[in-house]
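Descriptive structure summary
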Amino acid sequence: MHNADFIFGVATASFQIEGAADQRLPCIWDTFCSTPGKIADGSDGLTACEHVKFWRDDVELIASLGVDAYRLSISWPRVITQNGELNAEGVKFYCDLLDALNAKGIKPFVTLYHWDLPAHIEANGGWLNRQTAFLYADYVEKIVTAFGARVYSYATFNEPFCSAFLGYEAGVHAPGLTGQKNGRQAAHHILLAHGLGLQVLRRLSPHTINGIVLNFTPCYANSSAEADLRATQAADEYHNLWYLMPIMTGRYPYVMAQIPEQNRPHIEAGDMQLISAPLDFLGINFYTRRFYSAPNEPDALFQELPHRAPLTDIGWEIYPQSFTKLLTDLHQRFQLPPIYITENGAAMADEYVAGQVHDVGRLAYYQSHIGAVNDAMEQGVDVRGYFAWSLMDNFEWAEGYLKRFGIVYVDYLTQQRTIKLSGLAYRDMLAARRNSNLCQK
Ligand code: GBH
């Protein structure tokens, strides 16, 4: 981390900040938000942080933090029309934004899919329909061609776990479907889409660093009893390794054999080769760990236990040591490409007082977790960058606007942005690092 090439950045995602829903096609999150009971505060993404309106100010804000990079996502329904053509207005929005970032020397890390699937594609089955993977590849081909040399790095997907498991199996994210078969099939089609998308990137964008972003929640056993250990291994395979292993090894984990045959995904010849094509980088998102025990119900593979203290405002345990262990474990187990920490951060119950947000809890979270990454690097893990989630408070999915993850506070009534204490500290850390690099010369 004491390396001049290490990249520090901030991250956001299209649906969570953009607003301007009238300038794009509807997506599955619009539908989900308008379904009563799905979003904690009954809110939606129609205006969010009005980033489409205030993007120039937001670029100034990002630049004022002194970051090396900005991770954003592209809204598929903003750049592609119903009949599959490029939407000139949407493309221009992103081209202008990317140009402004590049003009300030900020590297754009572009995620091509952060959960906002066009609603008309969901109407045809969404990620349950194999055809969606090919529609995705077509979207990637068109947008990557339009962006040309503006991008530094592409990620095909953000967190397939969330789209597949939370969206099609647990029903807590859009499109809100349930059932193991749905979840496993959606996961496979997203992985297939990743493989097809990566092929397009290789062909049309050899100058960018191309990869995927996966989320990991390390699994800990409640006790050292054999049954608890076995269940914890199954949970790790089901939630974490289900996505990493096909990409790194071309195989699904062993837990596949433990689920009923009728719930396993349909896989076609050649899929696994496509999915396991080499990456330029692996993006890792980390927030928390989880405890598991042997299941109580006969058909279950594992049982998820309540989080242990201390907790963030969204109820996730703060345990930075598991971040170091995650990175060193993955490093030992797989032949990983260079790693970027593409998200890490904490929700806190921020209070805006006298023009300031004194978020000491979030600041402590960042300090301990950046330290955890540093520890992993000292143990040989090849980490090239770190992105704070998030640049600013935004639409936190099923939690609506109730949970704040920003290092910048957003007043949703006025759209005023205020850099929080954590943001000021992040800025100062980056400035100090730059100065110390200068001193070494
Ligand atoms: C990311 O999702 C998203 O990429 C981003 O859009 C989002 O705003 C951000 O994180 C904050 O949520 O459910 O108690 O078992 C992270 C999703 C978070 C899913 C941790 C698994 C495990 C905690 N992951 N979660 S728990």
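Quantities reported herein were computed from a predicted structural model and do not represent experimental measurements. (Residues numbered from 1 in each chain as written. Predicted model: local features only at pLDDT ≥ 70, side-chain atom pairs only at ≥ 80, totals over all residues. Heavy atoms only, no water.)

1. Focus: the nonpolar core
- Val 10, Trp 29, Trp 127, Tyr 136, Tyr 139 and Tyr 426 are the most contacted members of the largest nonpolar core, which has 146 residues in total.
- Dropping the residues within four chain positions of it, Tyr 139 is found in contact with Ile 74, Trp 76, Val 79, Ile 80 and Leu 112. (Core = buried A, V, L, I, M, F, W, Y, C linked by side-chain atoms within 4.5 Å. Buried < 20%, exposed > 50% of the residue type's maximum accessible area, 1.4 Å probe, protein only. Contact = heavy atoms within 4.5 Å.)

2. Things to note about the pairing of strand E5 (residues 209-216)
- For E5, the buried fraction is high: 8 of the 8 residues fall into the buried class.
- Because side chains alternate across E5, one face comprises the buried residues Ile 209, Gly 211, Val 213 and Asn 215, and the other comprises Asn 210, Ile 212, Leu 214 and Phe 216, equally buried.
- When strand E4 (residues 153-158) meets E5, the two strands line up parallel, connected through 4 bridges. The residue of E5 that forms the bridge with Ser 153 is Ile 209.
- Pairing analysis gives 6 bridges linking E5 to strand E7 (residues 281-286), with the strands arranged parallel. By the bridge assignment, Phe 216 is partnered in E7 with Phe 286. (Helix = DSSP H or I, 4+ residues; strand = E, 2+ residues; numbered from the N terminus. Pairing = 2+ DSSP bridges.)

3. Re the environment of Asn 222
- Among the secondary structure elements, Asn 222 is positioned in the loop between strand E6 (219-221) and helix H10 (226-249).
- Asn 222 gets classed as partly exposed once you look at its relative accessible area, which sits at 38%.
- Linking Asn 222 and Phe 291, residues 69 residues apart in sequence, is a C-alpha distance of 5.8 Å.
- Those residues in contact with Asn 222, other than ones at most four positions away along the chain, are Asp 228, Phe 291, Tyr 292, Ser 293, Leu 305 and Arg 308.
- One polar contact links Asn 222 to Arg 308, side chain to side chain, over a distance of 2.9 Å. (Polar contact = N/O pair within 3.5 Å; in protein donor to acceptor, adjacent residues only side chain to side chain.)

4. Focus: the sheet that holds strand E8 (residues 290-293)
- Spatially, 3 strands are ordered E6-E8-E9 in an open sheet, and the strand pairing comes out mixed. Only two strands of the sheet have a single partner each, and these edge strands are E6 and strand E9 (303-304).
- Pairing analysis gives 3 bridges linking E6 to E8, with the strands arranged parallel. When the bridges of E8 are listed, Ala 221 appears paired with Tyr 292.
- Strands E6, E8 and E9 of the sheet are contacted by H10, whose axis makes an angle of about 170 degrees with E6. (Axes fitted to C-alpha atoms, helices over the stretch in contact; angles between N-to-C directions.)

5. Quick word on the UniProt feature "active site" (unreviewed entry) in the protein
- On the UniProt side, "active site" (unreviewed entry) is annotated at positions that read Glu 343 here.
- Tracing the chain through its elements places Glu 343 in strand E10 (residues 339-344).
- Beyond its immediate stretch of four places on either side in the chain, Glu 343 contacts Arg 71, His 114, Asn 158, Glu 159, Ile 284, Asn 285, Phe 286, Tyr 287, Phe 387 and Trp 389. (UniProt positions renumbered as here; feature names shortened; annotations may be inferred.)

6. Thoughts on the sheet that holds E4
- If you trace the 8 strands once around the closed barrel, you get E1-E2-E3-E4-E5-E7-E10-E13, paired in parallel fashion. Strand-to-strand, the axes of this sheet are offset by a mean angle of 25 degrees, without reference to chain direction.
- Both strand E1 (residues 7-11) and strand E2 (residues 69-73) contribute to a ladder of 3 bridges, which runs parallel. Directly across from Ala 11, in E2, lies its bridge partner Arg 71.
- Strands in contact with helix H5 (residues 88-103) are E2 and strand E3 (107-111); relative to E2, the strand with the most contacts, it is inclined by about 170 degrees.
- Against the sheet, helix H13 (residues 360-378) engages E1, E7, E10 and strand E13 (383-389), with an angle of about 165 degrees to E13.

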